[in-house]
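# Structural characterization, general
Given next are the chains, with one letter for each unit.
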Amino acid sequence: MQQHTSVSVRIPERQGSSRLRTRLTRWGLAGLLAAGTLLTSQAGPAGAAENPYERGPAPTVSSIEAPRGPYAVSQTSVSSLGVTGFGGGTIYYPTSTSDGTFGAVAISPGYTAYQSSIAWLGPRLASQGFVVFTIDTNTTLDQPDSRGRQLLAALDYLTERSSVRNRIDSSRLGVMGHSMGGGGSLEAAKSRPSLQAAIPLTGWNLDKTWPEIKTPTLVVGADGDSIAPVATHSEPFYESLPGSLDKAYLELNNATHFTPNTSDTTIAKYSISWLKRFIDNDTRYEQFLCPLPRPSTTIEEYRGNCPHTS
């Protein structure tokens with residue numbers, strides 16, 4: 001919010017002369033200029049005042065497609081023996097603390113898989129300015145509803161007990177997951193509406209309708225997915241989300257159910273943009289989401305509502 005100040009200069013009628021009025025007017029203008037300079041210096045950069053959650057330099061296509069972002073990344077392992085509600089994992093986080101706290105994201109693997117299957121997302125997202133927790137589940141056979149609860153338990157551990165808890169803004173959290181982990185991310189968003197972003201990656205869930213979700217959600221499917229075909233999973237997931245919700249559907253071109261298990265520029269590009277836009281409220285990333293991306297060699301289809309309102 002801009003601050004305004006006024007300076008009133010009263011010129012005595014009886015003593016006034018044209019020279020005196022001129023001098024007093026100049027003094028008044030000088031005061032106004034000085035006050036404006038002082039207020040500007042106190043307010044700080046306009047962007048910082050408007051959005052204190054912005055992290056990192058202004059984005060470009062090359063910066064969000066790059067294998068690493070502007071932040072150096074450290075990592076720490078979390079043993080399953082020291083946690084409850086999930087199976088431990090690895091925390092990736094920006095090494096620097098000079099920018100203050102960061103938003104955080106928990107990511108679940110899929111059925112029969114371990115955190116190694118989604119590990120590439122850890123440093124890639126963290127280097128863009130997030131604390132990222134790739135988790136193992138209690139058992140590799142856990143179903144989506146269980147994985148959803150485990151994602152929330154992992155976020156609670158991150159913000160309340162982890163060694164990096166002081167680096168995290170606990171009001172800015174999100175979830176991601178692959179396959180049954182993707183189905184779990186929908187379960188987590190349904191259970192905890194305060195989450196700021198959800199991204200199911202080639203998600204699988206027996207529940208096909210999600211009208212209860214209030215979390216901005218990016219559904220990612222794959223045109224060649226034979227395990228969770230988009231026609232019976234990602235597309236009905238997306239279509240069932242409330243029409244008023246900030247939501248998008250990205251269908252990868254020439255991709256399979258397991259495409260999210262290896263480094264993928266398209267997944268990273270739009271995941272980073274979604275997380276930045278809704279966890280950090282960083283509208284600098286809106287340009288990559290709206291207008292809607294067009295079909296390409298890597299995008300079979302993209303749907304969504306624009307402009308975003310959250």
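For the structure given in this document, a descriptive report is provided here. (Residues numbered from 1 in each chain as written. Predicted model: local features only at pLDDT ≥ 70, side-chain atom pairs only at ≥ 80, totals over all residues. Heavy atoms only, no water.)

## So, helix α6 (residues 180-191)
The first and last C-alpha atoms of α6 sit 16 Å apart over 12 residues, in line with the 16 Å expected at 1.5 Å per residue. Among the 12 residues of α6, 10 are classified as buried, and the element is accordingly described as predominantly covered. The set of residues buried in α6 consists of Met 180, Gly 181, Gly 182, Gly 183, Gly 184, Ser 185, Leu 186, Glu 187, Ala 188 and Ala 189. Buried residues along α6 sit in contact with β3 (102-108), α5 (144-160), β5 (168-178), β6 (197-201), β7 (217-222) and α7 (234-240). (Helix = DSSP H or I, 4+ residues; strand = E, 2+ residues; numbered from the N terminus. Expected span 1.5 Å × (residues − 1). Buried < 20%, exposed > 50% of the residue type's maximum accessible area, 1.4 Å probe, protein only. Contact = heavy atoms within 4.5 Å.)

## Here's the deal with the environment of Arg 149
With respect to the secondary-structure elements, Arg 149 resides in helix α5. Separated by 35 residues in the primary sequence, Arg 149 and Gly 184 have C-alpha atoms spaced 7.7 Å apart.

## Description of the pattern of salt bridges
Applying the stated criterion across every chain, the model contains 12 salt bridges. A salt bridge links Arg 303 to Glu 239; the shortest N-O distance between them is 2.5 Å. Here the residue Arg 303 occupies a position in strand β9 (residues 299-304), and Glu 239 occupies one in helix α7, the gap between them amounting to 64 residues. Each of Asp 169, Arg 172, Lys 276 and Asp 280 takes part in one network of salt bridges that share partners. (Salt bridge = Lys/Arg side-chain N within 4 Å of Asp/Glu carboxyl O.)

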